[in-house]
Amino acid sequence: MNIYLIRHGRQCSKLCCVNVSLSEEGRRQSVLVGKRLEDRNIDAVYSSSLIRAVETAKEANRFWNAPHIIRPELKEISFGEMEGLSDDEIALKFADFKKEQEKLETDLPYPGGECAGDVIRRAMPVFEEIAESGYENVAVVTHGGLIRAMVTAFLHMEPKHYRILGNSLENSSITQVQWKKEPRRFFVERFNDYSHLEPYPELLRASWIDVEN
């Protein structure tokens, strides 16, 4: 089984993890990733319940026409007290936390929010459900923090290291995971693949720096 983890398209706000719609660029990104996987015979689309992920899934699914299953467990890591703030506000109010986080010594939860281990514990049952579903190809439209956390789990890394996986995941990027019934294991085949965006520099994150949501 192939599982295609897709980061949602660009949202219409730069504030931290606000539940908002896609921007026009985000809709273009969603269409491009839909076209990219059009020949992969997607059997089902899972998405988080956050608006940006649902809209990305719907736009991409125009090319797949697969059942769309919304699972709240696939939502982004909770940034707690940082949510709704700008980068400048976060840098000012949470400078000490950020310094500690960068040490990668412990799996620190965001103030009032989650750590990577929390994300893995709530999301892994969904991936186990997908693995046992009988589908051959599944798209999972979710978020950067969740993708990085789950890849650490698939690779048997410590959750505290999730932030070293992709300093900047592109919107609508593809991370491909394979599930093998024997030896009952997830294999990471590719990570943060955004070649479908490369002809369009205005759709790359370098043109629109945002927070990791």
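Residues numbered from 1 in each chain as written. Predicted model: local features only at pLDDT ≥ 70, side-chain atom pairs only at ≥ 80, totals over all residues. Heavy atoms only, no water.

As a further point, take the overall build of the chain. Helices and strands together make up the secondary structure of the chain, namely 6 helices and 6 strands. N-terminal to C-terminal, the α/β element order of the chain is β-α-β-α-β-α-α-α-β-α-β-β. The C-alpha atoms of the chain give a radius of gyration of 16 Å, which matches the 17 Å a tight globule of 213 residues would have. For the chain, the C-alpha atoms occupy an extent of roughly 45 × 40 × 25 Å along the three principal directions. Within the span of the chain, comprising 213 residues, buried residues form 55% of the whole. Pairs at least 24 apart in sequence give 71% of the contacts found in the chain among residues at least 6 apart. Approximately 9600 Å² of the chain is accessible, and the part contributed by carbon and sulfur atoms is 49%. The positive charge centre, built from 28 side chains, and the negative charge centre, built from 34, are 1 Å apart in the chain. (Helix = DSSP H or I, 4+ residues; strand = E, 2+ residues; numbered from the N terminus. Rg over C-alpha atoms; globule rule 2.2 N^0.38 Å. Buried < 20%, exposed > 50% of the residue type's maximum accessible area, 1.4 Å probe, protein only. Contact = heavy atoms within 4.5 Å. Areas by Shrake-Rupley, 256 points an atom, 1.4 Å probe, with all protein chains shown as cover. Lys, Arg positive; Asp, Glu negative; His and termini not counted. Charge placed at Lys NZ, Arg CZ, Asp CG, Glu CD.)

Before going further, it helps to examine the sheet that holds strand β6 (residues 185–193). Spatially, 6 strands are ordered β3-β2-β4-β1-β5-β6 in an open sheet, and the strand pairing comes out mixed. One side of each edge strand has no neighbouring strand; the edge strands of this open sheet are β3 (68–70) and β6. Between one strand axis and the next, the sheet turns through 20° on average, direction left out of account. Both strand β1 (residues 2–7) and strand β5 (residues 174–180) contribute to a ladder of 5 bridges, which runs antiparallel. (Pairing = 2+ DSSP bridges. Axes fitted to C-alpha atoms, helices over the stretch in contact; angles between N-to-C directions.)

Summarising the element assignment, I130 is placed in helix α5 (residues 116–131). Of the residues examined, I130 reaches a relative accessible area of 0% and is grouped as buried. Sequence spacing of I130 and A44 is 86 residues, and the spatial spacing of their C-alpha atoms is 9.4 Å. When sequence neighbours within four positions are dropped, the list of residues in contact with I130 reads M1, I3, Y46, V138 and V140.

Attention shifts here to helix α6 (residues 144–154). Most of α6 is tucked away: 11 of the 11 residues are buried. On its buried side, α6 packs onto β1, α5, β4 (137–142), β5 and β6. Among the residues trailing α6, H156 stands out with phi positive, at a value near 60°.

Going through the model one piece at a time under the given rule, you end up with 15 salt bridges. Here E73 and R71 are joined by a salt bridge, their closest N and O atoms 3.1 Å apart. By relative accessible area, which is 18% here, R71 ends up buried. Via salt bridges that share partners, R27, E55, E59 and R62 belong to a single interconnected network. (Salt bridge = Lys/Arg side-chain N within 4 Å of Asp/Glu carboxyl O.)

This paragraph deals with unusual backbone geometry. Excluding glycine, residues mostly have negative phi values, and the peptide bonds linking residues are mostly trans. Each neighbour pair has its own omega, and for E182 with P183 the value is 20°, a cis peptide bond. Here P183 lies in the loop between β5 and β6. One non-glycine residue with positive phi stands out, namely C17, at about 50°. The residue C17 is located in the loop between β1 and α1 (24–36) in this model.

On to the packing of α5 against α6, then. One way to put it is that α5 packs onto α6 with a least axis distance of 9 Å and a crossing angle of 75°. In terms of their interaxial angle, α5 and α6 are classed as roughly perpendicular. Between α5 and α6, the contacting residues are A116, V119, I120, R122, A123, M124 and F127 on the first element and L146, A149, M150, T152, A153 and F154 on the second. (Parallel < 35°, antiparallel > 145°, perpendicular 65-115°, else oblique.)

Further remarks concern the side chain of R163. With respect to the element layout, R163 can be found in the loop between α6 and β5. Within the local environment of R163, its side chain forms a polar contact with the side chain of Y110, the two groups lying 3.5 Å apart. (Polar contact = N/O pair within 3.5 Å; in protein donor to acceptor, adjacent residues only side chain to side chain.)

Moving on, we get to the pairing of strand β2 (residues 44–47). Two faces, one strand: in a regular strand the side chains alternate between the faces of the sheet. Going residue by residue along β2, you find A44 and Y46 tucked away on one face and V45 and S47 tucked away on the opposite face as well. Where β2 meets β4, 4 bridges bridge the pair, whose relative direction is parallel. Counted as the bridge partner of V45 is A139 from β4. Bridge count between β2 and β3: 3 bridges; the pairing is parallel. From the neighbouring strand, Y46 faces β3, where its bridge partner is I69. With helix α2 (residues 51–60) bridging β2 and the parallel β3, this β-α-β connection has right-handed handedness. (Right-handed = clockwise from strand over helix to strand, strands pointing away.)

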